Amino acid sequence: MNAANYLYVSALLFTIGAVGVVVRRNAIVVFMCVELMLNAANLAFVTFSRINGNLDGQVVAFFTMVVAACEVVVGLAIIVTIYRSRRSASVDDASLLKR
Amino acid sequence: MTLSLTLLMALPLFGAAVLSALPKTNALLAKQVALGTTLVSAAVTIGIAVQFQRDNIDLQFVESHQWIPSFGINYAVGLDGISLVLILMTAVLAPIVVLAGWNESQSGRWSTKTFYILILVLEMMAIGVFAATDVFLFYVFFEAMLVPVYFLIGGYGTGKRSAAAVKFLLYSLFGGLLMLASIIALYVLSGEQGGHTFDTQALSHLHMSSMTQNLLFLGFFIAFAIKAPLWPFHTWLPDAADAATPGTSVLLLGVLDKVGTFGMIRYCLTLFPNATKTFTPTIIVLAVISIIYGAFLAIGQKDIKRLIAFTSISHFGFITLGIFAMTSQGHSGATLYMFNHGFSTAALFLVAGWMSSRRGSSTIADFGGLQRVTPVMAWSFFFAGMSSLALPGLSSFVSEFLVLVGTFTRYPVAAVIATFGIVLAALYILIPVQRALHGPTTPGNENLSDLTLREKIAITPVIAIILFLGFYPSPLLKVINPAATHVISQLGFSDPAPTQLGGK
Amino acid sequence: MLINNGLVYLIALPLAGAAILLLAGRRSDKWGHILATLLSAASFSVGLLQLSQMLARPTGQRAVEQKLFEWISVGTFKVDAGLMLDQLSICFVLLITGVGTLIHIYSISYMSHDHDRRRFFAYLNLFIAAMLLLVLGNSYLNLYVGWEGVGLASYLLIGFWNQKPAYATASKKAFIMNRVGDMGLSFAIMIAFASLGTFSFAGIKEAAPHASTASLTAIGIMLLVAATGKSAQFPLQAWLGDAMAGPTPVSALIHAATMVTAGVYLITRSNFIFDAAPTAQLLVIIVGAITLLFGAVIGTAKDDIKKALAASTMSQIGYMILGAGLGPVGYAFAIMHLLTHGFFKAGMFLGAGSVMHGMDDEVNMRKYGNLRKFMPITFVTFGLGYLAILGVPPFAGFYSKDKIIETAFNAGGIRGLLIGSAALLGAGLTAFYMTRVMILTFTGAPRWDEKAHPHESPILMWLPMAILAIGSVSSGFLLSRGNALVNWLAPLFAEHAEKAEVLKPVVVTSLALLMVVIGVVIAFMKYSRGEVSSVAPEDVSALTKIVRRDLLQDDFNEAVFMRTGQGITNTLVKTDELVIDGLVRGVGSAALGSAGALRKSQTGFVRSYAAWILLGAVVLVAAIWLVTL
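Conventions adopted
- Residues numbered from 1 in each chain as written.
- Chains lettered and ligands numbered in written order.
- Predicted model: local features only at pLDDT ≥ 70, side-chain atom pairs only at ≥ 80, totals over all residues.
- Helix = DSSP H or I, 4+ residues; strand = E, 2+ residues; numbered from the N terminus.
- Rg over C-alpha atoms; globule rule 2.2 N^0.38 Å.
- Contact = placed C-beta atoms within 7 Å.
- Pairing = 2+ DSSP bridges.
- Nonpolar A, V, L, I, M, F, W, Y, C, P; charged D, E, K, R; others polar.
- Expected span 1.5 Å × (residues − 1).
- Buried ≥ 20, exposed ≤ 12 C-beta atoms within 10 Å, placed from the backbone.
- pLDDT = per-residue confidence, 0-100.
- Axes fitted to C-alpha atoms, helices over the stretch in contact; angles between N-to-C directions.
- Parallel < 35°, antiparallel > 145°, perpendicular 65-115°, else oblique.
- Left-handed = near helix turned anticlockwise from the far one by under 90°.

A. How the structure looks around the overall build of chain B. Scanning chain B from terminus to terminus reveals 21 helices and 2 strands. Whereas a compact globule of 504 residues would reach a radius of gyration of roughly 23 Å, chain B reaches 22 Å, a difference of no more than 12%. Principal axes of the C-alpha set define a box for chain B whose edges measure 70 × 65 × 40 Å.

Take a look at the structure:
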């Protein structure tokens, strides 16, 4: 099977994720979309690893997973805290930085 | 103990350290410590001046230590006649300012202690900026000086003090950044030509294309023109002088602004001889405009402090004119002018400050008939005014006349126009004198008190110096002349010969 | 030149007096006036001593010099604090200290009711010191110090009663107009230094023969500008009338006898420049001629006795300047007229002061009348001064003024005829206005206010008047006996060939006397017959109105210089605020404005930031793709 097909899937996943981040209001969904983008990148890395025949891409993919895990921990904690104080998980409601 | 510039700079810093250890509540002790420190510094400076060999054109009291070796930056200081005179002025003015402004820290946002720490730090930096022989060290002092002044204006001033402080800081920083760019360029150039250095002497031998030289010259010159201030970079000064306390104003106009004109001599002329020649006509024009413009603006002011600020703009025009006239008379006159202007402005500002703090207003129209109410204060103001209009027999006459004569031999038209400034000077001094001191005593002025003993003690040395140097300027001129002649001859100039005697 | 270390005492004594009185303040109220008078007298004694020593030396070695210390030395610009006393300056020294001492004595009584008498004496001493420095300085720069010093003293004394706004303004006006003249002196020194490399009297005298006429003419014209300022000559004459705001002894000493004659001194001292610069010399003559008529015309319409005398001073100095402009032949006569004028005009001013003293400080002559009965001594001394200024033989003015008129005619050609006629006309006008002063003040019916109780002044006041009156009578005769003054001054000036006499001296004298008689007769016809109104009549010709307004000198200055200056000032103040500071503030507000605009893009919505990031990433990738393509 042509390795390029994996890249197309990766690009598609990334686009879905990016659009999701921009258009969705629910913080949890936005978060999941970010995860989708990260994994799209992972898929691309692994594919490149396969194409180039070395392990560099796979190493980076592991790094990304670790970073993503950390991010989930911190990010979810923030979302939960915001939800507790504001009774809403909508990202548009948390626009206090403007002022 | 041998006297050195480092010791001289350490003294005020030490005083500031002692002050910071004192309790905030004891304001009197803070004042006494500050006065003591400045007096000791003044004594040390006089000691240095006595040891200074006036016929030696080399830098003296030289010290050099590595500071940041990887960039070739040194802590390097040294004295020539010009910087000695300016350091002397700074160190003598400092105790006078402390004594004269004994109570001016009371209206401030912070404690008296902080006020004097700022004054002492400023004194140390002012000495440093005149003594530095490393361009980077100079730059550090040049910019760092802004900080204490910023807080002195913003924290202890009157009226729109915050706005004035910010305007002062931003305006000066803008110039400073242009200079920094030039300094970095110099550093890079020096690296290309045999080793990175910031040493002034070494940098003066750099080879540069005329375009590079012109651009770098402008970077320095604009910074100094803002500091001096030269028309049209002057508008921060009246606001700052208006908002600052009288003592701060004295340091601002008397000392800080001199860094601008001093820098023109030490850096613009020495580092960029060819660019200097290119820009001299333009600068002469700006200087002449400053003289006349400052004088007219002073005549039009309603506030006594702003009036004095504008007279200073006129005087700085004279100084710049003298520097760029490229004659020994103009150059020595300009340096002497810097010294004399320090004292005559100090006298004007201190007395004006006493007048306005007593009256609660610095608007000229609020005064009237003070000569009959407070004779000593009125006389002091009148005397300071006479010094400002360069009455012969007072110190400023000698310097102003030297500048005019020195300019006339090379740029007669500029000198002629500048001379009209002396008529305008009579106007801008005599108009406030008449309104504030003469005429019937107007309501609100009947019960003003005359100068206190402390104030009399503060103003006496100023008046004495102005009078003494008016009749006997030789002690200073003998120190200045060799240095001034040296600067000019390095640029390849010599005094024009009398036009009528050569051919016949 | 011989060295004499005593010269400095001439200046130091009165200077010390001024310093002591000013520093001691009220503590010296009791004895200040006596100290000041004694020091002035002591300076006069030193002057006499110097004169006796000078007389003992042979003609060639009369001048002496004293170098005090090196004053300024930069490059070739070298000037010592040096004093020089020669035949010319000794005349001035004796006039200044002699008349000065008399006026000190007079003032003790005249100012006795003034709370600030001590301060007045301090200023007088300061003036004496500055004026002595002016005439003793051995270079133009030393002279300049004295030159502005007397300006300062004059400012302080005109404004002695500066609690009155008009007086304060008068003093300011005097100082500023003088500064315009001082600027001329600055220019003269600058030109001299730039072209000749020196500005000492001796140096320029030596260099002048080698210099071009152009630069000497420039120096000469600038010196003339200086002289017009200090000596109240056209076109810088307007301050003198207002200067009468000062106490009358000041008017007598500074604004009649000494300071205002400094211009004549300057031109005479600079004879070596003017002799070689005919154009400058011609201008001197023109200025002198215009002023002598200008002053005389103004004098005819003044009702204020002091201002009438001031106008007369202006006119008489015009004569001196005219004389000095005539070159070597005229210098000595200018100085002679200066000395005799010093006596008779100071005497008359003191007389006017005495009248005011008795008339409750009234200065309007229309409110005087018949005072000779009440003030006989004042009348006699004033009358002797009157005869002297008219030039009636054998009084002092006859010897000095006639000589100037005669020399003017002898200048030859149309020029001689013009200036001679001007001088003659001036003599007639002088006779008219001085007679008017005499008639209005001392004769006719009394027109006093009720408050006035005319009485003769005390001895301290009339004694100086009497001494000056003796001078008014005898000085002309003494100075011209055997050409005493001319011969005395001759070594200083270039030799001159005797010019052909255009008019015989007898003719000139007769003509002058004829003019005087005409002037006196007209004055008698106008003021002695019939009543003089105690208020100035309003139904007068337009010409009279213009003359009363000082030939519109103030209106002209106000319209041309003051208004323009105010206009420039106001425009510049606005420009500075709006344009220059506006630009600076503009940079600030532009930064703020653009920041405000950019801030709007920061909405605070996470999704919009995400969209921007995405857009940025796409653009970046596209850019990389395009570049690598």
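B. Representation of the overall build of chain A. Across its full length, chain A carries 3 helices and 0 strands. When the helices and strands of chain A are listed from N to C terminus, the series reads α-α-α. Considering only intrachain contacts with a sequence separation of at least 6, the fraction spanning at least 24 residues in chain A is 46%.

C. Region of the structure containing the sheet that holds strand β1 (residues 2-3) of chain C. Residue and element names in this part refer to chain C. Taken in spatial order, the 3 strands line up as β1-β2-β3 in an open sheet, and their pairing is mixed. Two strands lie at the open edges of the sheet, namely β1 and β3 (77-85), each paired on one side alone. Sheet topology places strand β2 (residues 64-74) next to β3; 9 bridges connect them, and they run antiparallel. Bridged to Ser 73 within β3 is Lys 78.

D. The interface of chain B and chain C, seen in detail. Each side of the interface is counted separately: chain B has 45 residues, and chain C has 47 residues. For the side of chain B that touches chain C, the elements supplying multiple residues, two or more each, are α13 (273-299), α15 (328-359), α16 (370-373), α18 (395-408), α19 (412-437) and α21 (474-490) of chain B. Considering every element that reaches the side of chain B that touches chain C, the biggest residue donor is α19(B), with 9 residues. Split into classes, the residues belonging to the side of chain B that touches chain C amount to 25 nonpolar, 17 polar and 3 charged.

E. Seen up close, helix α16 (residues 376-390) of chain C. Residue and element names in this part refer to chain C. Helix length check: α16, at 15 residues, gives a terminal C-alpha distance of 21 Å against a target of 21 Å (1.5 Å per residue), a fit within 8%. Among the 15 residues in α16, 11 count as buried, and that is most of the element. Restricting attention to buried positions, one finds in α16 the residues Thr 378, Phe 379, Thr 381, Phe 382, Leu 384, Gly 385, Tyr 386, Leu 387, Ala 388, Ile 389 and Leu 390. Those residues of α16 that are buried lie in contact with α14 (305-325), α15 (328-358), α17 (396-410), α18 (413-442), α19 (459-480) and α21 (505-527). Gly 391 occupies a position one or two residues after α16 and carries a positive phi of about 85 degrees.

F. Expanded view of the arrangement of the chains. Ranking by contact count across 2 pairs of chains in contact places chains B and C at the top. Regarding chain A and chain B, which are not in contact, the minimum distance between any of their C-alpha atoms is 24 Å.

G. Here's a closer look at the confidence of the model for chain B. Residues and elements named next belong to chain B. For chain B, per-residue confidence averages 90 on the pLDDT scale, and 99% of positions sit at 70 or higher. Considering each helix and strand of chain B separately, the mean pLDDT is smallest for helix α8 (residues 200-203), with a value of 85, and largest for helix α14 (residues 304-324), with 94. As scored by the predictor, the complex reaches a pTM of 0.89 and an ipTM of 0.92.

H. Focus on unusual backbone geometry. The omega torsion across Trp231(B) and Pro232(B) is 0 degrees, close enough to zero to call that bond cis. Following the sequence through the fold, Pro232(B) ends up in the loop between α9 (210-227) and α10 (236-243). Note the cis peptide between Pro393(C) and Pro394(C), where omega equals 0 degrees. By secondary structure assignment, the location of Pro394(C) is in the loop between α16 and α17. Positive phi, close to 55 degrees, is recorded for Ala232(C), a residue that is not glycine. Among the structural elements, Ala232(C) can be located in the loop between α8 (213-230) and α9 (239-242). For Leu551(C), which is not a glycine, the phi torsion comes out positive at approximately 50 degrees. For Leu551(C), the position within the fold is in the loop between α22 (542-548) and α23 (553-599). By the C-beta count within 10 Å, which is 19 here, Leu551(C) ends up partly exposed.

I. Seen up close, the packing of helix α3 (residues 87-110) of chain C against helix α4 (residues 117-136) of chain C. All names here are of chain C. Contact geometry of α3 with α4 gives a least axis separation of 9 Å together with a crossing angle of 175 degrees. Taken as axis vectors, α3 and α4 run roughly antiparallel relative to one another. Judged by residue contacts, Ser 89, Phe 92, Val 93, Ile 96, Thr 97, Gly 100, His 104 and Ser 107 of α3 engage Phe 120, Leu 124, Ile 128, Met 131, Leu 132, Val 135 and Leu 136 from α4.

J. Region of interest: the pairing of strand β2 (residues 73-79) of chain B. Residue and element names in this part refer to chain B. The buried fraction of β2 is high, at 5 of 7 residues. Here 6 bridges tie strand β1 (residues 60-68) to β2, and the two strands are oriented antiparallel to one another. Along β2, the bridge assignment pairs Ser 64 with Ala 76.

K. Representation of the environment of Val521(C) in the model. Residues and elements named next belong to chain C. Of note, Val 521 is situated in helix α21. Overall, the presence of 13 C-beta atoms within 10 Å leaves Val 521 in the partly exposed class. Between the C-alpha atoms of Val 521 and Ile 377, which are 144 residues apart in sequence, the distance is 25 Å.

L. Expanded view of the interface of chain A and chain C. Each side of the interface is counted separately: chain A has 9 residues, and chain C has 9 residues. Its residues assigned to classes, the side of chain A that touches chain C comprises 6 nonpolar, 1 polar and 2 charged.

M. Summary view of the packing of α15(B) against helix α20 (residues 453-471) of chain B. Residue and element names in this part refer to chain B. Direction vectors running N to C along α15 and α20 enclose 150 degrees, while the axes themselves pass 10 Å from each other. The angle between the axes of α15 and α20 places the two elements in the roughly antiparallel class. Here α15 runs over α20; the crossing is left-handed. Within the contact between the two elements, α15 uses Asn 340, Phe 343, Ser 344, Ala 346, Ala 347, Leu 350, Val 351 and Trp 354 and α20 uses Glu 455, Ala 458, Ile 459, Val 462, Ile 463, Ile 465, Ile 466 and Leu 469.

N. Broad picture of α18(B). If you check α18(B), its first and last C-alpha atoms are 20 Å apart, about what 14 residues at 1.5 Å a residue would give, namely 20 Å. Counted residue by residue, α18(B) has 14 buried out of 14 residues, so it is predominantly covered.

O. View of the environment of Phe318(B). Residues and elements named next belong to chain B. Position of Phe 318 relative to the elements: it lies in helix α14. Phe 318 sits in the buried class, given 30 other C-beta atoms within 10 Å. Each C-alpha atom of the pair Phe 318 and Ala 415 lies 9.6 Å from the other, and the pair is 97 residues apart in sequence. Not counting residues up to four positions away in its chain, the partners in contact with Phe 318 are Ile 291, Tyr 337, Glu 400, Val 403 and Ala 418.

P. Region of the structure containing the environment of Ser533(C). With respect to the element layout, Ser533(C) can be found in the loop between α21 and α22. Judged by the 9 C-beta atoms lying within 10 Å of it, Ser533(C) is exposed.

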